[in-house]
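Descriptive structure summary
Read off the chains here:
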Amino acid sequence: MTAMEAFEALGVIRWPLTFSLLVITVLALWSLRLVWRDTMPDRHARTWIDAILFWGGFAAVSGVLGTLVGIIIAAQAIETMGGLSDVLVWGGIKVALLSSALGTLILAVASLLWFVLQLRWRFLIAEHADSPA
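None of the values given here were measured: they were computed from a predicted structure.

1. Brief notes about the side chain of Q118
Here Q118 lies in helix α4 (residues 86–130). Taking relative accessible area as the criterion, Q118 reaches 4% and is therefore assigned buried.

In C-alpha cells form, the structure reads like this:
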C-alpha cells in the first residue's frame, strides 16, 4: 500500500487529521518567530506554544475515533455477511488502525515541537529575570 492509498483509505477522518497537522505547522512557525529572537518573548507566546500540544492531542483523539468507527463498520459488514475470510477481516482492521497510527504520529511531532519551544521560552524568561533592569 502506497502512502497515497493509505491516506485515501483513512476516509472522512483524514480531514481532521490533515487540519490538525496544518494548524500545528502554522502554530510552530509562528511560535518559532516569537521565541527565537533575542528580545523578551511576547507575553502570548506560551499560549501559542501550548496550542501546539492541544492540536496534537486532538489529532490523536481523532485518530482513535477513526479507528473505532472503522472497526464498527467492519464488524457490521462481518455480521451482515455472516462471516468472512480472516484475510479480509484483518485487511479491514489494518485500514482502521491507520488513523490511530497517523494521529499518534502527529501527536509525537507536536509533542517534540512543544518541548523545544517551551524549553526555549523558559530559557528566555530566565535570562530576562536574571538580567539587571
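Having seen it, we continue.
2. Some details on the nonpolar core
Counting residues in each nonpolar core, the largest one holds 18 residues, and the members touching the most others are V35 and I52. Secondary-structure elements contributing two or more residues to this core are α2 (14–35), α3 (45–81) and α4. The biggest single contributor to this core is α2, with seven residues. When residues no more than four places from it in sequence are discounted, the contact partners of I52 are I24, L27, A28, S31, A110, L113, W114 and L117.

3. Considering the pattern of salt bridges
Any two side chains of opposite charge can pair, so long as their charged atoms come close to each other. Summed over the entire model, instances satisfying the criterion amount to one salt bridge. R46 is the partner of D50 in a salt bridge, and the nearest nitrogen-oxygen pair spans 4.0 Å. With D50 and R46 both in helix α3, this residue pair falls four residues apart, about one helical turn.

4. Quick look at the environment of I72
Residue position: I72 is located in helix α3. When its relative accessible area of 49% is taken as the criterion, I72 is described as partly exposed.

5. Regarding α4
Taking 1.5 Å of rise per residue, the 45 residues of α4 would be expected to cover 66 Å, and the 65 Å separating its terminal C-alpha atoms lies within 8% of that figure. Maximal helix bending in α4 amounts to about 25 degrees, located at L97. Of all the positions in α4, only A96, S99, S100, G103, I106, A110, L117, Q118, R120, W121 and L124 are classed as buried. Residues of α4 that are buried in the fold lie against α2 and α3.

6. Here's the deal with a nonpolar patch on the surface
On the surface, L29, L32, W36, F115, V116, L119 and F123 cluster together to form a nonpolar patch covering roughly 710 Å² of accessible area. Counting only elements with at least two residues in the nonpolar patch, the list comes to α2 and α4. For the nonpolar patch, the element with the most residues is α4, which contributes four residues. Assignment of secondary structure puts F115 in helix α4.

7. Things to note about the confidence of the model for the protein chain
In the predicted model, the protein chain carries a mean pLDDT of 84, and 88% of its residues have values of at least 70. Within the protein chain, helix α1 (residues 3–9) has the poorest average pLDDT of any element, 59, and α2 the best, 92.

8. With respect to the packing of aromatic side chains
All told, the structure shown has four aromatic pairs when counted by the stated rule. Their ring planes at 75 degrees and their centres at 6.5 Å tell us that W30 and W48 sit as a pair that is edge-to-face. In this pair, W30 sits in helix α2 while W48 sits in helix α3, placing the two residues 18 residues apart along the sequence. On the basis of relative accessibility, which here comes to 38%, the residue W30 falls in the partly exposed class. Residue classification places W48 among the partly exposed residues on the basis of a relative accessible area of 37%. Summarising the aromatic geometry, the rings of F54 and W55 are spaced 5.2 Å apart at their centres and angled 85 degrees between planes, so their arrangement reads as edge-to-face. Pairwise contacts between aromatic rings join F19, F54, W55 and F58 into one cluster. In this arrangement the basic side chain of R33 is found over the ring face of W30, its NZ or CZ atom lying 4.4 Å from the centre. Above the plane of the ring of W36 lies R120, whose end atom (NZ or CZ) is 5.1 Å from the centre.

Quick notes on the rules
- Residues numbered from 1 in each chain as written.
- Predicted model: local features only at pLDDT ≥ 70, side-chain atom pairs only at ≥ 80, totals over all residues.
- Heavy atoms only, no water.
- Helix = DSSP H or I, 4+ residues; strand = E, 2+ residues; numbered from the N terminus.
- Buried < 20%, exposed > 50% of the residue type's maximum accessible area, 1.4 Å probe, protein only.
- Core = buried A, V, L, I, M, F, W, Y, C linked by side-chain atoms within 4.5 Å.
- Contact = heavy atoms within 4.5 Å.
- Salt bridge = Lys/Arg side-chain N within 4 Å of Asp/Glu carboxyl O.
- Expected span 1.5 Å × (residues − 1).
- Bend = angle between axes of the 7 residues up to and from the residue.
- Patch = residues over 30% accessible without salt bridge, like charges linked within 9 Å, V, L, I, M, F, W, Y side chains within 5 Å.
- Areas by Shrake-Rupley, 256 points an atom, 1.4 Å probe, with all protein chains shown as cover.
- pLDDT = per-residue confidence, 0-100.
- Phe/Tyr/Trp six-rings, centres within 6.5 Å; stacked < 30°, edge-to-face > 60°.
- Lys NZ or Arg CZ within 6 Å of the ring centre and 35° of its normal.

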